[in-house]
Each structure stands twice: as structure tokens, then as C-alpha cells.
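Okay, here's what each chain looks like letter by letter:
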Amino acid sequence: MADDAEKAARREKHKKRMNKILFKCWNLPDAEPFQDSSHPSCHEVRDLASVGQNLDKGVYQHGRSGWELYAKDMGIVYNWHIIRRGKYSSRAKAHLDKVVGFFSKVDPILGELVSKSKPSDDSSDGGGKKQSSSSKKRKTFERDNTDSSPRKKNHLNSIEGLTISQREKRAMELLATHLEECGGERSQSNNFRCKVIQRPGGRYDSVFFSVENKRFKSMVDVARFLNLADDRPGSGGGSRTNSRGSSRGQKDSEKRKLKRELDKLLKLHTKAIKALDDHSNENPVKQLPLNDVSMMDDGSNAAKAHREGKIVPSSDIEAFPGIPSHCIPDLFLVWDFLCTFCRALSLEPIELDDFAAALSFRPVNVPQASSHGDSASNIPVYLSESHIALLRLLLQDPTSENWWWSILETPEMIEEEGEEYLNAIDKKRKTAAAVVKIDMEALLAAEEDMDITTRWLLALEDVRTRKPDNTGPMKSAVRNAIAVTTNQYVKSYLKKAMRKWNRKSAGLVKRAVVWLVDRIREARPDVWGRSVSAQEIAEQKKIVATEAAIEMDRIVEDADEVNDADLNLEVESDEESDFDEDEGSDNEDEYADQVDNQGSPSKQACTMTTKDNDGITPVTTFVPAKPVPSIVDLLLPPGKPTLPSDLVHALTWPPVIGATSCRVLHWYKRRRNEVDDSIREFRELKPMSIAERRARESIASFRVLSECANPVDSNTDHVESAITHLCDGKDYLELTAVQRLCILRILIEAAYDTYHVQQSIEDNFKARMNAIKALDAEERRAKKEAREELAAIEAAARERLAREAKETFVQKKRQEIIQNNEETGDYSTEFLENLQDDDVIDFDEDTKAEYEALPTADSFNKSEVNTVVAKIQEETAFGTSILVVLTLREIEQREEKHLKSLQDKLESFGDLESLYQTHSADRETSAMVDKLLKEIATCIDLKQSLPQLRSDAIDALNDAIDDGTVKALRTAIKTAKVAKLSGDDVETGGIWSLDLLRDAALELKNAESRKRVTEAQKDLVAKRNKCFIRTDPLGRDRYQTCFIHFDYDKSSRVWAERDYILRNGTPDKNEGAAVLFKTPESVSMGARDRDEDFVSLEDRDKPYGNSFLSFSRQEYHHTSELGTLAMHHWSCYTTDRSIRVLIKNLNSTNEKENALKEVLKETLEAMALASVSSDAPQNGVLLNGGSAEGVGQDKKSLPQEETKFRTSGDSDVFSGLKGNLSEDDAALMKGVTSAIGRRIRLRRIPNPERAPDVAQYIMGTITGWKTGILSNEEAVNKEEIDDDVSHRSPTPVPIWRMALDDGGELHITDNEIVEGLVRASKWTNQHPGYIERDAPFLSYRNNLGRFCGRQVDAPSSLTPLAFARQMLKKEQDLYMHLKSRTLENNWGGKCGSRNAWVASLKEYGHTFEAVRDGLLTLENAFFDLTGGFGTNGSSSHDVEAGEQTTESKLSGKDLLYDEVSRFDIELESLGNNVKGLWNNPDTRAIFREIISVCETVSILALGLDLICRNSQGYIS
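Nothing here was measured: the structure is a model prediction, and the numbers come from that model.

Rules used in this analysis
Residues numbered from 1 in each chain as written. Predicted model: local features only at pLDDT ≥ 70, side-chain atom pairs only at ≥ 80, totals over all residues. Heavy atoms only, no water. Helix = DSSP H or I, 4+ residues; strand = E, 2+ residues; numbered from the N terminus. Contact = heavy atoms within 4.5 Å. Areas by Shrake-Rupley, 256 points an atom, 1.4 Å probe, with all protein chains shown as cover. pLDDT = per-residue confidence, 0-100. Pairing = 2+ DSSP bridges. Salt bridge = Lys/Arg side-chain N within 4 Å of Asp/Glu carboxyl O. Buried < 20%, exposed > 50% of the residue type's maximum accessible area, 1.4 Å probe, protein only. Patch = residues over 30% accessible without salt bridge, like charges linked within 9 Å, V, L, I, M, F, W, Y side chains within 5 Å. Lys, Arg positive; Asp, Glu negative; His and termini not counted. Charge placed at Lys NZ, Arg CZ, Asp CG, Glu CD. Axes fitted to C-alpha atoms, helices over the stretch in contact; angles between N-to-C directions. Polar contact = N/O pair within 3.5 Å; in protein donor to acceptor, adjacent residues only side chain to side chain. Phe/Tyr/Trp six-rings, centres within 6.5 Å; stacked < 30°, edge-to-face > 60°. Core = buried A, V, L, I, M, F, W, Y, C linked by side-chain atoms within 4.5 Å. Expected span 1.5 Å × (residues − 1). Parallel < 35°, antiparallel > 145°, perpendicular 65-115°, else oblique. Nonpolar A, V, L, I, M, F, W, Y, C, P; charged D, E, K, R; others polar. Left-handed = near helix turned anticlockwise from the far one by under 90°.

### Quick notes on the overall build of the protein chain
And then number 1: Summing up its helical and strand segments, the protein chain has 59 helices and 18 strands in all.
And then number 2: Sequence separation of 24 or more characterises 72% of the internal contacts of the protein chain that already satisfy a separation of 6 or more.
And then number 3: Carbon and sulfur atoms provide 49% of the accessible area of the protein chain, an area that totals close to 82,600 Å².

This is the structure we're talking about:
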């Protein structure tokens, strides 16, 4: 009986679900044609109404088979229209896709069944006609089987209604019958097809076609073609003659056809031989790219350096001062986001160096400022603008509603949410907590018949579907269960639960009943039809009893509970007739009354018990512990600030940012908890305990923002400490650079979830796709031109090969004719000399045949053509028609031969002395001899000087080829030509060249082609980059080093991110330069992974468990040794020299490195273009801190000394310059004996006239020095001479060479070298008290948003003076309204207090103490103007802030600093009945205490805003 009831319940559930699907299909748009069909069928359904009728009749109630039949019928409704191709076919297809989706949610197999269901053949239109037509065909055949030919005329009426396709089918059936009658087989008709043609008069003609498309007019012709019918009588011999003639013609046709096929095969054979030859010559195996593993240790410099843990080339920049190396990824993330979404934020971008300097900026007077609040004025404008921009973006977006209220969330609030907002795990958690105490072990041990257990469980199942206010049915169900069960423990439990029953709400009763049913389900799987053994049931009972016992420890029953016997449920209640059976009640809260009184003794006892069992009690909610309200929370309004608001202002942003970050982090804690629970639920692991949950919440910041964290197991929490610092109202500049970065990271994490940013990303994506399409079109055009150019060269190469073959043949035949004529003497010499090429070709038939057999231009293989193509490209690169390529040894042999020929020619003149003494030589001979002597002397001199020049030129050529840029190649080729590695070839009339120079010329041609393409695509690339989504890496090398260039960074910078090489133990002393060698502990950072969430402890030591952990940890490090986030080594290449060395170490045979190499070459080309168009110096001379001069400047402005720079020997000069330093600076330079190799930081004024207060700081390294002579102009700049400078001799001074970090070099004198070294040391080490007050980031102004006000006021937007102005303005706005509502005005008028207050602010408003006292005075005045505390008659003189009013009452200070009472503090005047400025004396005391002890202007601004809100509430 229980089984029948369960089956009935399941069928009812399935029926409801089917009805729901049918209801959705019925209500689809434009579903009228499918609701009621105009073509009903008695065999199957045609419309949704028929499906509904079948559903009501119970046709689909048999489980799986019922669902399948239901899916088929629903598919037939739409597929019937689709197959007919009627006017609703397209609509049917659209509806069918949606119906398939409905069924796929139930089961994907059902969705597939819906799409494949087709109506039966006899249900479609015309089925009856087809059947009658086929029967007529059979009757016609039986009636006409005596005649061999088909009859047409007599059966027009029977076939009049057939379509053309049906006629063709009928004709094919008749043809098969006719062939069978003629002695053939019916299958022979399969080799023919029929085509019915309708004539204009309405007549139909049937024509047959064979496989070869041969046409037959009738079935007789088909039978005759198959030799199944004789010729007609009366044809006589003429027919045989015609047949014989047709056979002869057919044979000729077959011969021509075979010949064509043979020619085609011969051509294919020739093409295959050529393709095989090309494949063999190209050797594609050598062209396959090498993988990373095979190149890990290939013996190259890069492999050797990586094996030793070194970086090649050495980086130019590795870190920013004040920013830890492990925080560089966060620095990039924050800066890149602010620059990328600058338009969405209304924030102008800033350079990366300036952003890092702003983050690490610390004024001299922080900490321990002499005057509170003065340090805040020094906050960089960019930090203020960026924080306000992010705050405005977050508060304007609707997603902020999710996290703004997160700190007020409690488990009870989540418990009261409707189930439609919860996922499956949360729903299960809702019913997991017990509310009634019971001995579960005894309950499960009690014996009871299984049928009885099933009956009372089914009775209680009805409670699960009821709403809390549907109390009558719940009570009835519990009463029935009590009557049925024989288990006394169950009866006792249900009676206890019913004590909490209430007529209006029975939420706790439902919770208790559902908890019991779920526990019985877990403990007794056999009750629900599962076949399990008795041992498994016993083990499951034990587990459930243990878990229930832990839950019971959390419940403390009230002492005044009545006995079980006192509860009588058998008496019929008068109220039962009034209960509401409607399940669709308006009350959607599942357990609306489940929250007990917080202050009850039971609750307190329960809390104490819970704390004792935190280690074993399973967690029941994902809501984190509620934080204690901060000072800022007390000053903020209860609701989320709406823009425009004074809360999002230049005066208030630091504490508001702290409160916002606290809420966002709390929200991410909750989401982290949800993820943890979901993972454990998916892995079928036990829920974690409350103690484990709280331990994870304590390190939530490390889990959310791991990159900002310290190494593993560190107790320093930068995120929490920064939020606490700001929420306590302290100074923003007291935060460290890491803490400031953490705050920005939190805000940006929340900003990524906003609709505005998501919409910007979508818009950028669409625009970027269009830009990429345009760029791809340009690239395809460039590739097409390259292919066309290569095709033209290949065509020219083939023509050259064919021409050379003909010329060789003609020359050979000419020689043969001459040799034969010497033997025969048939032709005269004159005849042979006058023979033309055409005459030789037509000399005889054999020669002409051989000439015609010569290979054509298309017959040469790929190898031969590629050789000639390469030769043509070489000649084009040198601009000649003939190029002779030589090796260096061949060039030297040619020069020696030339010298020997000159010497032999000179010796042919005899003794030169006697020639000059006797004057026997004429003038021409003497000139010739002198010319020979000069040429010989020149050759001898070159023979001595050229080897070194050529060696340097060859090195330059190799470097330039590896570099691949136009500038480097042109310079190297010019150097090679000076070294005589190329010249005119007298023998061929062309040019000879060194093979390496030939390669460089070809590479130059390719580089120029790339440059042309880059310039052509420059505008399209700029358009694509404007549509920014994310920064994509340039590429990776074989060691997975990632190379990145940021669009808003300097164009010359390429950043590299490398994995550390993990080693255990301490590194050797010889491994000082091995920066990549690290221990696993030093590389790990952030929170460790909770492996128990992924793999249970039992599976941890098993192979599959270890393999899963290793696989998951590869995300952190490729070795899978780390269970935390891994640090990476970051470095930056800024100079063209370092990037060229980087390109040189990349291997082109590796696919990834070859692609990276090409991208880096394009970067070098872009750097070259930028250096040409930019005014910034790349190379130049900087004297006395002035502006850098370009490379092409006048030589007079350069030092006159031509000596080379030396890399040592400046100790004496440098020691003399150190004597001019102050004591503090001299202490920094103590131990520094030479400037060579030291870091230097120069200060320049780019625009002394317009912006004399804005400096530019340049970093570099001293690489050499020399003693130079200054010109007169430079001497004037150096102030070393007087007005008579033109008559003074030049002054020698020491000059140092400085290699810039961003490329190029500068020459500086002694006036800047020492100051630059001291400045670099202080800047790098963050020397206390060192500040660059004219740094570029301090002069930043945001012209897009101007959140800090005007450009002039932006730096002082957070000063006491700015707050004084704000306070005066707010007082003026509110005073008149308050004045009109009071009879006693002790503030304005004749009293003079208001005028004195205004005068004091104007005179002393620049000090923090003055504005703080002014705010307290303003609060006192407004308090009096609003009537004090209303009916009590208390005034400001009666209650002073911070004092005890009664002995039993706590002071404002005690209330403020008590964490328990803080939860009940509300400073906002709420409601419509506001009687004064404050609700009660405690509120005012707390406010005055906050203002009295605050240290920043931002807290004062929040306090002013609170006073204004309360005053406005009083006015309203």
C-alpha cells in the first residue's frame, strides 16, 4: 500500500511538471496554429489541445515510457508543420527549438526525442491518395499484362490527380514491370531515372535517362538498349546496316573517350612526379618547428644562463622604490585598470613611474605631524582623484546594493529569505538545523513496523510543501503522524514541536518536522525502497545519531516547558475550521517566526554551549561574523549614499573609502564561504566546523588578494590593517604603499563587477572586433601583394631557366655543327659565322625535334626555381643584374691575385731606375708607371688595415642580422662597404659581395618591407588599441617567460615575468648572480590551499589523489611543488641594446620564440620611429643640468677632447668633488670611491619659462668618464669665466657618460655627478625626509573629472582651510531655516556669537585645532536653535559631551568604546517626528566625543555632514 501511495505521488509530480511544460508551450508567442489544428487525425496528435486531453486521460503516467511518449507527441505537433512546409513551418521551427530546451532541462535524451519525432506516413496529406493510386497501378498491371507496351490513353482519368513526382515514380514501376516481362530483371531499372515533362497542352511525356545521361523516349527503347527486345518487323536489312553503322560510330566514340582519359592520366602522372620532386628537395622535416622541451638545454647562451639561474640580458629595471617586488603584479593591475577605463572613470591616465611614486609618497611631516591634519594636504592629487572616481563608479552602480549591506547581514536574515533566492546547497542548509531536542539514538533504536514508519513519514511530507501561515494542515498532518506511529520518541518529539505552534505562523513546527524527516531519510534508506544490508543500515544510523547529538548540544530547553502528557492534540480545535487551505499565500517567508528573543536565557545558554562546541559543531551558515561598527560607520547615514552627495567629496573620501572597502571585503568573505561549502558539498565531504570557518575568515584577505599578501604564514594583514586605519578616521598618508595598493585592489575588484565596466568592455569588444577586421583586411592585402610579388619573381625565374636552357642548347648545337663541318667541309666559314640562333634550331629535323623537346617554363621543379628566385632577390637587393657572392677567403685571394697582376704589369716595364734615368719612356708610359706604383702602395696599405676593419664589420653584420631593424642593418652595411667587403666586378660587369653582406642586404629588404607594412597599419593599430579590453602578452620563450608591453607605458619598455627555479637549501656563495634560484618557502605567498576541500585525507596518499593535487597546483608553478600562489621575477628592458641582446638569444627554429622575435623587432622599429618623431633625447649631451642636445647638433657644442671614455681612474677627481657635500650627504657617499657603475638620478626643468616648478627626473647608470674641454658657450653656462669669455682659453673639466634607463646616453659634468648620485641613493632607499616636491606626479591635474575642484585648489582640497570654507557655506545654508523656527536665538543677531565664529574661521581656519573647535561650536549653536532635547527642556548647558548624567548611566566615551553597545548606536535622526538635532543625550555625547578625539579633516567633514542631515531632518 505504501508503494502504491509513493507511485501515485510520483505520478502526480510528473503530471504537474508535464502540465507546466504544456502551459509554457501554449503561452509561447504566436502559438495559435499549434493550439488547435485545422487538420485533425485519428491516428496521432496534431495540436497541443490533443496533448492536453491525453494528459488528463493519464496516457503519459507510466514513468519513463510516459515521458518518452509525451516528448514524441509534443515533437509531432511541430514537426508535422515543418514536414508539410506550410505557412507555419518557420514558426514551428522556432517553437520547436524552445520546446526542445524545455525537455532538455528534464533530460537531454527527451530533448533529442522531441527534435527527432516525425509524423507517420499515413498521417500526412495525400496518404490516402497514394494508397489508392498504388492499388490502381496494381489493377492496371493485372488488366494489361497481356500487352507488352504500357497503355496511356485508357487511364488518363485514373492518374489525373497525380503530381509530377508521383508520375515519375509510377513510370519507374511500369519500367521495372516491362523489363521483367521482356526477360530481364526488375533491378535493372535501378540504373535508369525518369523525368516527366508537362507539355503546353496539358500532356505529360515520360523520358528515361541512363547513368551516362543517355536519353530514351520510351520503355521499349530502354529494353532494346538492354538487348531485351528484337527490332520491329518490317525493318528488313536496312536495320542491320544502320545497326552496324551505329556500332562503328560507337566504337570511334569510345576510342576518343579512352584517349582523353589517357591524356588526363599522363598529365596527372607528370604533376605527381613534380610534386614528389619538390617534396624531396624542400625536405619538410627540417622545417618543422622545434618544441620547448628539445630546446631547454641546446647549448646556447640562453640555456646556459637559465641553467645557472641568471637572466640574459640583465634587466634595466627590476622594481620601483617603496613597492615590494611581490606587489608589482598588483601595481600593474591597478594602474592598467585606471588607465584602461579612464573614460568610464573620468580620470586622466598617468605614467607608471609617477603612479608608483604617488603610492610610495610620504611627506616629511608624516608621522608625528606638529599640527593635526596638515599632512593630509600633501596627498597626491592623482590618488584623491582615482579614489573618488572609483567610489562614484561603485555607488552609482546597482551592484553596490549587494555588498553595501553585507556587514549588517546575519544568519537569521538569510534564514528568512525566500527559497527562490537560494541555491540547492543553501536550501539544504536551511533545513539542517534542529530546533527541538530529542535522543536520536534511542529514536532510531526503537523497533517499529516498516509500513507504519512509511505511513507517518508520508503524512509528515505534506508539511514540507506548506507555507508557514498555512497552520491548519500542518497541525492536522502532525496529529495524524502522532496517531499512526508506535515509536514513543517520535510522539514525544512531535508533541514538543507542536508547543511552538501558533495560529498565525507555524514556521518552527515546519522546521522541526522537516528536520526529523530528513534525518530519518538519511538513517533509514531502506524505507524508501533502496536495497541495503543490515550492517550498512546500522552504520548509517550511527552516523546520523552522532551528528544529531552534536546538534542537540546546541539546544537548551526552557525550564518552564510543560510535560509531554499535558499536551492534548486529540481535542478538536475550534480554530481548525478557519485555517486557510490556499497554498499560494502571500507570506513567502519559510520560517518567519523562527528567531527567538535574543535576550532570553535560553538563547544565552545556547550561545555559551555553541562556543564550547565550536570545534565540532558543523557550520550552518555562510554569513561571516558581523564586524563591530567603526567610527566612520557611526557617522555615515543608514542607507547607501546617493550621488550627488557631500559624502563622496574631496574632504571625505579617505574614511568613506575605508568603509566601502570594509563592506566589499565582507561581501567577498561571504562569497568565499559559499565557494568553500559548494566545493565540500560537491566532493561529498563533511561540513566544516564553526572554528574552521572562523579560522578561514580570519585569513580571507590573503585568499582574496593573495598578491598583496606577505609570504606564507605571515601574520601581517595589510588589507585588514589598512581598512581599520581608515575606518578609525586616521590619516591616509600614514598607510604604507602596500596598504594603499590593497585598498585600490579591493575597489577595483568590486568595479569589475559593475554594469558600467561590463558595458564598457562589451562596447570595446565590439569596436575592437571591427578594428581587428579592418586590420586583418590590411594584413591580407599586404600578404596578397607579397604573394603577387613572389609569383612575379617565380615567373621570371622560370623564364630565366627556360631561356638559359635554350641558350645552352643553341651553343652546344653550334659547336657540334662546326666540329662536323671540319670533317666534312660542307659549309664555308662565312656561312657558319653568319648562322643565327633560329638557323641553328632549323638546321635539320633532329635538331628541331630536340629543341622542341626542351623543358618549358612550367616544367622545372621547385628546387631549381627557388635557387633562381633567391639569386634574383639577391641581385634586386644590390640593384644589379649580376651578383657574384664570395667568401672572405675568396675575396682575399682575389685581392692577392689583383696585387700580383699589378706587380707583374709593373715588372713588364723593366728596371724603373734606368727607365727614369735614361728618360727613354714617354710621358704616357711614365704616367702609367706612376699609376701602377700608387695602386700597388694602396693595395699593400689596405692589406694591413683591412683585416681589423673587416673583423669589426663582420661582427656588426652578425649583430644587425640578429637585430633585424632597418637602422642597425643600414649602419652595418655601410660599415661593411667601408671595409671593402663589396665592390664592382670587372669580369661580369656586375657586383661582387661577401656572403654575409648578401644576407644582411636581404634582411634589410625584409625589414624595409615590414616597416612599410607597419607604417601602413599604424592608424589601424592605434584604432584597435583605443578599443582596449586587456593587455595581451607579446609572447613567450621556451622557458615560459612572459613578455608584456603596456599601451599606456613608455613605448620602449618590455616587461618580462619569469618563474623562479625552486631549490631546497641555502644557495652557494658563487650563485650571487643566480637571481632565479629560490627556495619554495621564499617563493610562496598568500594563504595555502585547503587540500582537504579537494581530496579527502583518506585519498591523499593514493596515486589518484596525488595526481589530482599535482595537476591543480600547476597553476601556481610548473613543478607542482607549491600549494600557494607563487611569486614571479619581474624585470624590464628599456634600451634598444638590451632588447637587441634579447632578440639575439631567441631561437627562430622554435615556433613561439620565432613569433616573439618578430614582435620584438616591430617594437624596435616603433622605438626608432618614436625616437625620430619625439623631442625627448635618446642620445645627447647634458651639461650643467641643462636640456639634452640631439645627436645631429653642431659639433662646436660638444666637448673638444676626442679621447675615448674610460671605465676606471676617476677616483681622485670624484673624491675631490665629494668635499662639497653636506655632512648627511657625505655620510651617504661614504665608501663610494668611484662614480663608474653607480646609479644616478638627474633633475631637469623641461620648460623653465612656463613651468619652472615642474621638474623631470632621469635615471641611469654611469658607464665611463674622460677629461674634456668645454667650448666658450658651455663655459658661460658653467659660470667659470667673466664677460671677456671670448678671449679666455678653453677649460678642461671631467665629463661622465650616463646610460639612460629609457635608452640613449647623456654626458654630464662634475656639477651634477655628485648631486645625482646622492639623489639616486635617497630616492632608491626611501631616505627619511627626502621628497621631490617638484616631481611630475605632484603637478598632476585631472581635466576629465576635476573631483578635487579647480586646478589651483586641487592640491589643497583636503586641508583645514578647505573644510573651513565648506563649514561656512553649510552654516549659511541652514541658519536662516533654523532661525525662523526658534524664539530664542543665541547664535546670530545681537549676540554676536555667529560673527565671532566666522571671524575666527577666516583668521585661524588654516589650523586643524581651529576648525575642530569651530565644528563643536557650530554643533552647540544648532543644538540650541533646534530646541535642545525637546520636552525635557535640556539644553547644551545641561548635558556636556563625555560626562555622566547619572551614576548608573555610561558616558558618551564609554558607550563609544564599548564594542557591545556600539551595535545599538544610531546618530542619525530618523523618522518623521524629529524633535531636535539629536535623539537623546547619549547620541550627542557620542558625537562630541568622536569629534573631540579625531585627528583628520575627513572625520570633521563627516561630522559636519551628519549635523547638516539631522538639521535638515528637523527642518523638514
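### As for the confidence of the model for the protein chain
And then number 1: The predicted model of the protein chain averages 77 in pLDDT, with 79% of residues at 70 or higher.
And then number 2: When mean pLDDT is taken per element in the protein chain, helix α16 (residues 381-396) scores highest with 92 and helix α7 (residues 127-143) scores lowest with 40.
And then number 3: A low-confidence stretch, residues 231-244 (pLDDT under 50), is modelled with 3 contacts involving residues beyond four sequence positions or located in other chains.
And then number 4: In this model residues 1173-1202 is a low-confidence stretch, pLDDT under 50, and it forms 58 contacts with partners more than four residues away in sequence or in other chains.

### Re the sheet that holds strand β14 (residues 1128-1133)
And then number 1: As summarised here, the arrangement of the 4 strands in space is β7-β8-β9-β14, forming an open sheet in which the pairing is antiparallel. In this open sheet, the two strands that pair with only one neighbour each are β7 (1035-1036) and β14.
And then number 2: Bridging between strand β9 (residues 1054-1059) and β14 involves 6 bridges; their strand directions are antiparallel. Bridged to Val1054 within β14 is Tyr1133.

### Topic: the pattern of salt bridges
Two side chains carrying opposite charge are able to pair once their charged atoms lie near each other.
And then number 1: Within the structure shown, the criterion is met by 48 salt bridges.
And then number 2: For Asp633, the salt bridge identified is with Arg663, shortest N-O distance 3.1 Å. Of this pair, Asp633 sits in helix α27 (residues 631-635) while Arg663 is found in helix α28 (residues 653-682), placing the two residues 30 residues apart along the sequence. There is no split in this pair, since Asp633 and Arg663 are both buried.

### Considerations on the side chain of Glu1489
And then number 1: On the secondary structure map, Glu1489 appears in helix α58 (residues 1481-1493).
And then number 2: Glu1489 gets classed as buried once you look at its relative accessible area, which sits at 11%.

### Things to note about the pairing of β9
Across a regular strand the side chains alternate sides, sitting on one face of the sheet and then on the other.
And then number 1: Judged from the 3 bridges that link them, strand β8 (residues 1042-1044) and β9 form a sheet pairing that is antiparallel. Looking at β9, one finds that Phe1043 is bridged to Ala1056.

### Structural notes on a positive patch on the surface
And then number 1: A surface patch of like charges, here positive, comprises Lys13, Arg17, Lys20, Lys24 and Lys105.
And then number 2: Inspection of the secondary structure puts Lys24 in helix α1 (residues 2-26).
And then number 3: A residue is classified by how much of its surface remains accessible, and Lys24, at 35% relative accessible area, is partly exposed.

### Thoughts on the sheet that holds strand β6 (residues 991-994)
And then number 1: Taken together, the 3 strands give an open sheet; going across it, the order is β4-β6-β5, and neighbouring strands pair in mixed fashion. The outermost strands of the open sheet, each flanked by one partner alone, are β4 (883-886) and β5 (982-984). Here the average twist between neighbouring strands, direction ignored, is 20°.
And then number 2: In the packing of helix α37 (residues 862-878) onto the sheet, contacts are made with β4, β5 and β6, and the angle to β4 comes to roughly 100°.
And then number 3: On top of the sheet, helix α38 (residues 888-907) reaches β4 and β6; it is set at about 105° to β4, its chief contact.

### Section: the side chain of Arg1038
And then number 1: Within the secondary structure, Arg1038 sits in the loop between β7 and β8.
And then number 2: Polar contacts involving the side chain of Arg1038 include one to the side chain of Glu1153, which spans 2.8 Å.

### Looking at the packing of aromatic side chains
And then number 1: Applying the stated criterion across every chain yields a total of 24 aromatic pairs.
And then number 2: Plain terms: the ring middles of Trp653 and Tyr732 are 5.1 Å apart, the flat faces sit at 65° to each other, and that makes the pair edge-to-face. Of this pair, Trp653 sits in helix α28 while Tyr732 sits in the loop between α31 (718-727) and α32 (737-751), and the two are 79 residues apart along the sequence. Across this residue pair, the class does not change: Trp653 and Tyr732 are buried.
And then number 3: Among the aromatic side chains, those forming a connected cluster through ring pairs are Phe320, Phe332, Trp335, Phe1046, Trp1055 and Trp1130.

### Focus: the nonpolar core
And then number 1: Grouped together as the largest cluster of nonpolar side chains are 135 residues, with contacts concentrated most on Phe355 and Phe1363.
And then number 2: Excluding residues within four positions of it along the chain, Phe355 makes contact with Leu331, Val334, Trp335, Leu338, Ile350, Tyr382 and Leu744.
And then number 3: In this structure, Val463, Met474, Ile482 and Val509 belong to the second largest nonpolar core, which totals 37 residues.

### As for helix α21 (residues 450-464)
And then number 1: Its 15 residues give α21 an end-to-end C-alpha distance of 21 Å, which sits within 8% of 21 Å, the value for a rise of 1.5 Å per residue.
And then number 2: Every buried residue of α21 is listed here: Thr453, Thr454, Trp456, Leu457, Leu460, Glu461 and Val463.
And then number 3: You can read the cap of α21 off the contacts: a side-chain oxygen lies 3.1 Å from the backbone nitrogen of Asp451, and it is on Asp449.

### A word on the environment of Thr1207
And then number 1: Following the sequence through the fold, Thr1207 ends up in the loop between α48 (1151-1173) and α49 (1211-1218).
And then number 2: In this structure the C-alpha to C-alpha distance between Thr1207 and Gly1237, which are 30 residues apart in sequence, comes to 8.7 Å.
And then number 3: Those residues in contact with Thr1207, other than ones at most four positions away along the chain, are Ile1236 and Thr1263.

### Concerning the packing of helix α24 (residues 507-523) against helix α25 (residues 534-553)
And then number 1: Their axes nearest at 8 Å, the elements α24 and α25 cross at an angle of 150°. As judged from the angle between their axes, α24 and α25 are roughly antiparallel. Here α24 contributes Trp515, Arg519, Glu522 and Ala523 to the contact with α25, which in turn contributes Ile537, Gln540, Lys541, Val544, Glu547, Ala548, Glu551 and Met552.
And then number 2: Residue classes in the contact of α24 with α25 are distributed as 6 nonpolar, 1 polar and 5 charged.

### Focus on unusual backbone geometry
And then number 1: Residue Pro313 is bonded to the preceding Val312 through a cis peptide linkage, with omega at -5°.
And then number 2: Along the chain, Pro313 falls in the loop between α12 (301-307) and α13 (328-340).
And then number 3: Residue Pro644 follows Leu643 across a cis peptide bond; omega there is -5°.
And then number 4: Its identity is not glycine, yet Asn227 carries a phi of approximately 60°, on the positive side.
And then number 5: As for its position among the elements, Asn227 is in the loop between α9 (219-225) and α10 (236-282).
And then number 6: Residues other than glycine seldom take positive phi values, yet Ser346 does so here, at roughly 55°.

### Some details on the packing of α28 against α31
And then number 1: Where α28 contacts α31, the two axes come as close as 8 Å, and the packing angle between them is 140°. One finds that α28 runs oblique with respect to α31. Where α28 crosses over α31, the two elements pack in a sense that is left-handed. Here α28 contributes Pro654, Pro655, Ile657, Gly658, Ala659, Ser661, Cys662, Leu665 and Lys669 to the contact with α31, which in turn contributes Val719, Glu720, Ile723, Leu726 and Cys727.

### Regarding α28
And then number 1: Taking 1.5 Å of rise per residue, 30 residues should cover 44 Å, and α28 covers 43 Å from first to last C-alpha, within 8% of that figure.
And then number 2: Most of α28 sits out of view: 22 of its 30 residues are buried.
And then number 3: Backbone geometry just after α28 places Glu684 at a positive phi near 60°.

### Side note on a negative patch on the surface
And then number 1: On the surface, a cluster of negative charge is made up of Asp838, Asp839, Asp842, Asp844, Glu845, Asp846 and Glu852.
And then number 2: Counting only elements with at least two residues in the negative patch, the list comes to α35 (837-841) and α36 (845-852).
And then number 3: The element contributing the most residues to the negative patch is α36, with 3 residues.
And then number 4: With respect to the secondary-structure elements, Asp846 resides in helix α36.
And then number 5: Relative accessible area serves as the criterion here: at 56%, Asp846 is assigned to the exposed category.

### Comments concerning the environment of Lys1161
And then number 1: Mapped onto the fold, Lys1161 is located in helix α48.
And then number 2: Spatially, the C-alpha atoms of Lys1161 and Arg1010 are 9.5 Å apart, while their sequence positions differ by 151 residues.
And then number 3: When near neighbours in sequence (up to four residues on either side) are disregarded, Lys1161 contacts Ile961, Asp962, Asp963, Gly964, Thr965, Glu1003, Arg1010 and Ile1143.

### Topic: the environment of Thr971
And then number 1: Looking at the secondary structure, you find Thr971 in helix α41 (residues 966-978).
And then number 2: Separated by 18 residues in sequence, Thr971 and Ala953 place their C-alpha atoms 9.9 Å apart.

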